Every structure is written in C-alpha cells, then in structure tokens.
Amino acid sequence: VCSSDLWGETPVTTIGEGVLAHREQEWMPVYNKAISLNEKGKLEKAKELIEVAMLIHPSRIENYTTLAIWYTEANDWEMALNTIDRGLNINDENSDLYQLKADISLQNNDLKVAEESYLKAIKYSDDPGLIMRNLLYVYIDMGDNQRAIDYANQLLNKFPYDADIYYNVGVLYQRMARGKE
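Residues numbered from 1 in each chain as written. Predicted model: local features only at pLDDT ≥ 70, side-chain atom pairs only at ≥ 80, totals over all residues. Heavy atoms only, no water.

1. Digging into the overall build of the protein
Which entries qualify depends on this criterion: Secondary structure is summarised from DSSP: a helix means a run of H or I of at least four residues, a strand means a run of E of at least two, and numbering begins at the N terminus for each. Each radius of gyration is computed over the set of C-alpha atoms, and the globule rule expresses the reference value as 2.2 Å times the number of residues to the power 0.38.
Within the protein one finds 9 helices and 2 strands. Order of helices (α) and strands (β) in the protein, N terminus to C terminus: β-β-α-α-α-α-α-α-α-α-α. Taken over the C-alpha trace, the protein has a radius of gyration of 21 Å; the compact-globule value for 181 residues is 16 Å, which it surpasses by more than 25%. Projecting the C-alpha coordinates of the protein onto the three principal axes gives extents of approximately 75 × 35 × 25 Å.

Here you go:
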C-alpha cells in the first residue's frame, strides 16, 4: 500500500501511517471544494465544508487560517479570533495563527493582545522580519515612544537598509520633541 505525497509514492508501513494517509486523501478534496465555493461567492457553504475538513483532519492548520481569514474579510472579528484560538489549541507554536491574531487585534486597537501575539509569532517564525516590523507599529500605537525607539534600534541592527524603520524612528523622535515643548 502506498500513500500519495508531494514527492511521489511513499510506502505505508504501519496502521498509523495508513490512517494518516487516508485522512489526507479524504481531507484534500473537501478543503479544495471549500476554497472553490468561496471563490464562487458561496461563502456560507464554503465555511460549512471547512468545518467538515476540520473534523476530518483537525491538525491541518490551513483549516483554521482559511476560515479565520474568511471571517476577517466579512468583518466578523469575534468568529475570526475564535477560529484562531481553536487552531492554537491544536498547535500553539504556529506563527501564522499568532500573526493573524495579532493583525486582527491591531486592527481592532487591542494593542496588548497584538503585542503578545506578535511576540509569539516572532518566536515561532522561521522568517520573522515582517512580523518584527509590525510589532514596531504596535509599540508606536501604544504611545511608548522610548520603547518603540529602542525596539526600532534593534530592528535597524537586523535590517540596516530598511528605510521604513528609519522613517519611523524619525517620527518617534519628532513626537518626543513635540512632547517636551
């Protein structure tokens, strides 16, 4: 018996591997059908199918990120955050889920949750550069200018050619100078 994977055929040698291979084979068409329905504007049916995909293969994080993004696009922040939390209960080291939670929290001005979520996303990300830049915006929005400047200086050490960081540092110093007038 073989299971299909991205690189060809892999022999299934245990019952556990067989169950996982079958789960993958059952999950993929359901997930793809949900994506297709969403693209055709049938969002409610697509959401229902993603929920089915979650039942088939609850550990596939794509289920949670996709559904959360759809809720976000519909401005249903509460359901988006609930879906993200469901995904984090499955995998609490997924940087994509933490980043999505932070983005939603920042958009809704929940700066403390945004900060905490970006910090976790950075911790678990293989390439945290963009996430780190977003965390700078959280510190700026929090109004803690000195903390934002200190963090921006850390970023400049990692990304010395990033003009946006230099711009933000300039704005922060300008803001601090105005506060002393």
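This is not the end of the story, as more comes after the structure.
2. Considering the confidence of the model for the protein
As a reminder of what qualifies: pLDDT is defined as a per-residue confidence score from the predictor, taking values between 0 and 100. Residue contacts are counted whenever heavy atoms from the two residues lie within 4.5 Å of one another.
Per-chain confidence: the protein averages 90 in pLDDT, with 91% of residues scoring 70 or above. At the low end of the mean pLDDT range in the protein sits strand S1 (residues 2-5), at 48; at the high end sits helix H6 (residues 111-124), at 98. Overall, residues 1-7 carries pLDDT values under 50, and its contacts beyond four positions in sequence, including any with other chains, amount to 15 contacts.

3. Overview of the nonpolar core
Using the following cut-off: Here, the term nonpolar core denotes a set of buried Ala, Val, Leu, Ile, Met, Phe, Trp, Tyr and Cys residues that are joined through side-chain atoms within 4.5 Å. The buried label goes to any residue with under 20% of its type's maximum accessible area, the exposed label to any with over 50%, and the partly exposed label to all in between, with areas taken from a 1.4 Å probe on protein chains only.
Ile50, Ile84, Leu135, Leu136 and Tyr151 are the most contacted members of the largest nonpolar core, which totals 45 residues. Here the element with the most residues in this core is helix H7 (residues 129-142); it accounts for 7 residues. Setting aside residues up to four positions removed in sequence, Leu135 forms contacts with Glu115, Tyr118, Leu119, Ile122 and Tyr151.

4. A look at the side chain of Asn134
Residue position: Asn134 is located in helix H7. Asn134 gets classed as buried once you look at its relative accessible area, which sits at 15%. Not counting residues up to four positions away in its chain, the partners in contact with Asn134 are Gln99, Asp103 and Tyr118.

5. What to know about the packing of aromatic side chains
The description of an aromatic ring pair uses the distance of the two centres, along with the angle that the planes make with each other. Just so we agree on the cut-off: For Phe, Tyr and Trp, where Trp contributes only its six-membered ring, two rings pair if their centres lie within 6.5 Å, and the inter-plane angle classes them as stacked under 30 degrees, edge-to-face over 60, or tilted in between. As a reminder, the over-ring test applies to NZ of lysine and CZ of arginine, requiring each to be within 6 Å of the ring centre and within 35 degrees of the ring normal.
Taken as a whole and assessed by the stated rule, the structure comprises 3 aromatic pairs. Between the aromatic rings of Trp27 and Tyr31, the centroid separation amounts to 4.8 Å while the plane-to-plane angle is 25 degrees, which identifies the pairing as stacked. One end of the pair is Trp27 and the other is Tyr31, both in helix H1 (residues 15-39) and 4 residues apart, which spans about a single turn. When sorted by exposure, Trp27 lands in the same class as Tyr31, which is buried. Consider the rings of Tyr139 and Tyr151, whose centres lie 5.3 Å apart with planes at 80 degrees: the pair is edge-to-face. You can see Tyr139 sitting in helix H7 and its partner Tyr151 sitting in helix H8 (residues 145-158), a full 12 residues away along the chain. Judged by relative accessible area, Tyr151 falls into the buried class, the value being 10%. Residue placement shows Arg133 over the ring face of Phe159; its charged tip is 4.0 Å from the ring centre.

6. Description of helix H9 (residues 163-179)
How we decide: Expected span, for any helix, means 1.5 Å times one less than how many residues it has. Throughout, the arc means that of the directions going from the helix axis to the C-beta atoms. Within 3.5 Å is the distance limit for a polar contact, defined as a pair of N or O atoms, with the added protein rule that one can donate a hydrogen and the other accept it, and that residues adjacent in sequence qualify only through two side-chain atoms.
Its 17 residues place the ends of H9 24 Å apart at the C-alpha level, agreeing with the 24 Å of an ideal helix rising 1.5 Å per residue. Residues of H9 that are buried: Ile165, Asn168, Val169 and Leu172. Buried residues of H9 fall within an arc of 105 degrees about the axis and therefore sit on the same side. Away from its buried face by more than 90 degrees, H9 exposes Ala163, Tyr167 and Arg178. Where H9 is buried, its residues contact H7 and H8. The opening residue of H9, the one whose side-chain oxygen lies 2.9 Å from the backbone nitrogen of Asp164, is Asp162.

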